[in-house]
Amino acid sequence: MSGFSVTEPSQRQKWIAGLLVITYAMVTLMPLLWIIATGFKSPEDAISYPPKVLFEPSLEGYVNLFSSRTRITTGMQESLQPAETWYEQVARDSGTIIVGPSRYGQRFLNSVVIGFGSTFLAIVFGTMAAYAFSRFKVPIKDDLLFFILSTRMMPPIAVAIPIFLMFRQLGLNDTQLGMILLYTAVNLSLSVWLLKGFIDEIPFEYEEAALIDGYTRFQAFYKVVLPQAATGIASTAIFCLIFAWNEYAFAVLLTSGNAQTAPPFIPTIIGVGGQDWPAVAAGATIFLIPVMIFTILLRKHLLRGITFGAVRK
Amino acid sequence: MAEVSLRNISKSFGNQVALQNVDMTVPDGSFVVLLGPTGAGKTTTLRMVSGLDKPDSGQILINGQDVANQSPAQRNMAMVFQQYSLYPHLSVRHNLEFPLKSPMLRTPADEITRKVAEVAEVLQISHKLDNKATELSGGEMQRVSIGRALVRNPQIYLMDEPLSSLDAKLRSDLRIELKRIQASLGATMLYVTHDQIEAMTMATHVGVLDSGRVVQFAPPREIYENPVSIYAASRLGSPKINILPADLFPTAPQGASQIGLRPEHIRIGQGQETRVVRVEHLGDQTRLHLKLGNADLITLTDAHTTLAKGDTLSIAPLAPLYFDANGDRI
């Protein structure tokens, strides 16, 4: 290695930089670590003060999250068979018996269906609208784009009451379809604007070449524009999913027994005799996983950046 | 293969007039070169024929049939774009296959493989077939772009300065290759360039464009020897035709204000006295830069001339072309 390189930092500089990054990551990741750790604590450790950094890990939170239990009364004790599975044993150890599954699984499934469903629709409609705005002479285009953006200018919850009444009239209250439509509508402004930016960057020359090469306008869009917009579509999809996945206010207001998503459900997890913090933390931890996987799967599209084209400028 | 006629085509972009009443017929099997400086309307003409742009007025006929309502795909034309327009998300091979796989052509797989290999061979890009289109040099992109047209057998080939980014050797190779392909297929070709050597060597007809008008449409030799104006005369020939005030020579006819002299149309040894300003030895010939009164002119002489800067010699015009004050031929 030459000592005159301007790009290669010294060993010491690397160490300092690494230390700074790790420190920063520690600070920002603290709440996340706290949630994950709490999920593996026993209920007593979870609320102990000062908080325990080192603790004996327990799966009680996860067992409680997925099960509903009842306290073992003295009368029951004699008639009990020995626990057959490890999770029954965990419940027994805390003096309860599992009587069935909890509603978390179903709430989680609602979140998956509503989150991914609305993301899919927001991307499909958003891409088509963005393409049209980018390529065609749309009458009053600027006004329409501003109108679409303006739906984002107020907090969505400001229109909660009218939407609630509308949904009740239409029978969409507490249905997956209703929530999918609602989140699609909220996300559409974001997806149209983001995707229009990405599609504007793709030179029209490629489509012209495809038209000459024997393709129709729609085929050119499908074969030439979409693959090049993949980066933009991936990042837009992540933004849409994160919004729909984390949305709390509408979910509290518009869903209950049937289509309730995980966010309003998690804080309401009550254990036997009070708030069950390890179960709440376990619910939050599991809730993080799908978005994480989705982001990791789409990461290669995000990192690839915008394709620099084979068009001579 | 087809005959293409442009009838009275006009096109404006905003206030900018691109084409004015362009009337031209590209005969079946001909190689028509459009010649003119930037902004003369060459590319616009190609885009009109391709269907990518629609004329404001006028008709385009392919084999006598009006194609106003046909999409670019339906017109079945291949086009080489000046800016290449290779699909950046595809490999070179897939770029070349793209038109063959279109719903218009639906070529069988083995024929696609054969054609792509054949064209890649001609264009010397066989070793780059599996590269991404974005991982090529400018010259390679341009060859892929030519290849994407040549894999097809369309009604007409449209080429917009297809050789502009190639080095001199490759350019002269491909000039011959393109001409050979066009001649052997009997293909109709509409070709845009501002390289006069391409025009002279490849064209069966040259259309000279000036600010959106066709000023002359004729075989290249005809334009070279018998141009309608100074503008047309200046498009062909290297070194360029000498344009001098007509009164420098006593032979000028009535009304002539300028005289055009091709460098090879100057007889040395008699006539007007000139001074040698510069001598350029090119190997096979020598260019003499002369001063006649206040006018500069260039002529050619044999390779082993002993003339040097400062010498004087007398010259006389040979087959001069006379132009009036507007630059039109008399």
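Residues numbered from 1 in each chain as written. Chains lettered and ligands numbered in written order. Predicted model: local features only at pLDDT ≥ 70, side-chain atom pairs only at ≥ 80, totals over all residues.

S.K.: It is not clear to me how the pairing of strand β4 (residues 57-62) of chain B should be interpreted in this structure. Could you clarify?
M.R.: Look at any regular strand and the pattern is simple: side chains alternate between the two faces of the sheet. Residues and elements named next belong to chain B. Relative to β4, strand β1 (residues 4-13) runs antiparallel, the two being bridged by 5 bridges. Each residue of the ladder has a partner; that of Arg-7, found in β4, is Gln-59. Pairing of β4 with strand β5 (residues 65-66) involves 2 bridges; the strand directions are antiparallel. Residue pairing for β5: Ile-62 is matched across the bridge by Gln-65. (Pairing = 2+ DSSP bridges. Helix = DSSP H or I, 4+ residues; strand = E, 2+ residues; numbered from the N terminus.)

S.K.: I tried to follow the confidence of the model for chain A on my own but got confused; where do I start?
M.R.: Scored by pLDDT, chain A comes out at a mean of 88, with 94% of its residues at no less than 70. Considering only residues more than four positions removed or in separate chains, one finds that residues 305-310 of chain A, a stretch of pLDDT under 50, has 16 contacts. (pLDDT = per-residue confidence, 0-100. Contact = placed C-beta atoms within 7 Å.)

S.K.: What is the right way to read helix α1 (residues 11-39) of chain A from this model?
M.R.: Structural remark: α-helix, 3.6 residues per turn; residues separated by three or four positions point the same way. Residues and elements named next belong to chain A. In a regular helix each residue adds 1.5 Å, so 29 residues correspond to 42 Å; α1 covers 39 Å between its end C-alpha atoms and thus fits that length. Its maximal kink placed at Leu-29, α1 deviates by approximately 55 degrees, while the proline Pro-31 follows within four residues. Here α1 lies mainly on the outside; 2 of its 29 residues are buried. (Expected span 1.5 Å × (residues − 1). Bend = angle between axes of the 7 residues up to and from the residue. Buried ≥ 20, exposed ≤ 12 C-beta atoms within 10 Å, placed from the backbone.)

S.K.: Where do I start with the environment of A:Ile266 in this structure?
M.R.: Note on placement: A:Ile266 falls in the loop between α14 (262-265) and β3 (270-271). Setting aside residues up to four positions removed in sequence, A:Ile266 forms contacts with A:Val280, A:Gly283, A:Ala284 and A:Phe287.

S.K.: Where do I start with the environment of B:Lys179 in this structure?
M.R.: Relative to the helices and strands, B:Lys179 resides in helix α6 (residues 168-185). Considered as a pair, B:Lys179 and B:Arg287 are 108 residues apart in the sequence and their alpha carbons are 30 Å apart.

S.K.: Mind showing me how you'd approach the interface of chain A and chain B here?
M.R.: Interface size is commonly expressed as the accessible area that is lost once the parts come together. Of the residues lining the interface, 20 residues belong to chain A; the matching set on chain B comes to 25 residues. Elements that contribute at least two residues to the side of chain A that touches chain B include exactly α10 (205-212) and α11 (217-228) of chain A. Take the side of chain A that touches chain B: its biggest share by element is 6 residues, from α10(A). For the side of chain A that touches chain B, the residue count by class is 10 nonpolar, 6 polar and 4 charged. (Nonpolar A, V, L, I, M, F, W, Y, C, P; charged D, E, K, R; others polar.)

S.K.: How should I be thinking about the packing of helix α6 (residues 104-135) of chain A against helix α9 (residues 176-200) of chain A in this particular structure?
M.R.: The geometry of a pair of packed helices is captured by two quantities: the angle between their axes and the separation between those axes. All names here are of chain A. At their nearest, the axes of α6 and α9 sit 6 Å apart, and the two run at 40 degrees to each other. Looking at the two axes, α6 sits oblique to α9. The way α6 lies across α9 gives a crossing that is right-handed. Looking at the contact of α6 with α9, its residues break down into 17 nonpolar, 10 polar and 2 charged. (Axes fitted to C-alpha atoms, helices over the stretch in contact; angles between N-to-C directions. Parallel < 35°, antiparallel > 145°, perpendicular 65-115°, else oblique. Left-handed = near helix turned anticlockwise from the far one by under 90°.)

S.K.: Quick question: what am I supposed to make of unusual backbone geometry here?
M.R.: Excluding glycine, a negative phi dihedral is what most residues carry, and trans is how most peptide bonds are arranged. Residue A:Pro50 follows A:Tyr49 across a cis peptide bond; omega there is -5 degrees. Turning to its location among the elements, A:Pro50 is positioned in the loop between α2 (43-46) and α3 (60-66). Look at the link from B:Ser238 to B:Pro239: it is a cis peptide, with omega at -5 degrees. Within the fold, B:Pro239 resides in the loop between α9 (230-235) and β11 (242-245). Of note, B:Asn21 is a non-glycine position whose phi angle comes to about 45 degrees, a positive value. Assessed through the 14 C-beta atoms surrounding it within 10 Å, B:Asn21 is described here as partly exposed. You will see that B:Ser85, though not glycine, has its phi angle at about 55 degrees, which is positive.

S.K.: I would appreciate a short explanation of the domain arrangement of chain B in the present structure.
M.R.: All names here are of chain B. Segmenting chain B into domains produces domain 1 (4-235) and domain 2 (242-323). Domain 1 and domain 2 are separated by 38 Å when their C-alpha centres are compared. The interface is formed by 4 residues belonging to domain 1 together with 5 residues belonging to domain 2. When the residues that make up the side of domain 1 that touches domain 2 are grouped by side-chain class, the tally is 3 nonpolar, 1 polar and no charged. (Domains from an automatic or database assignment.)

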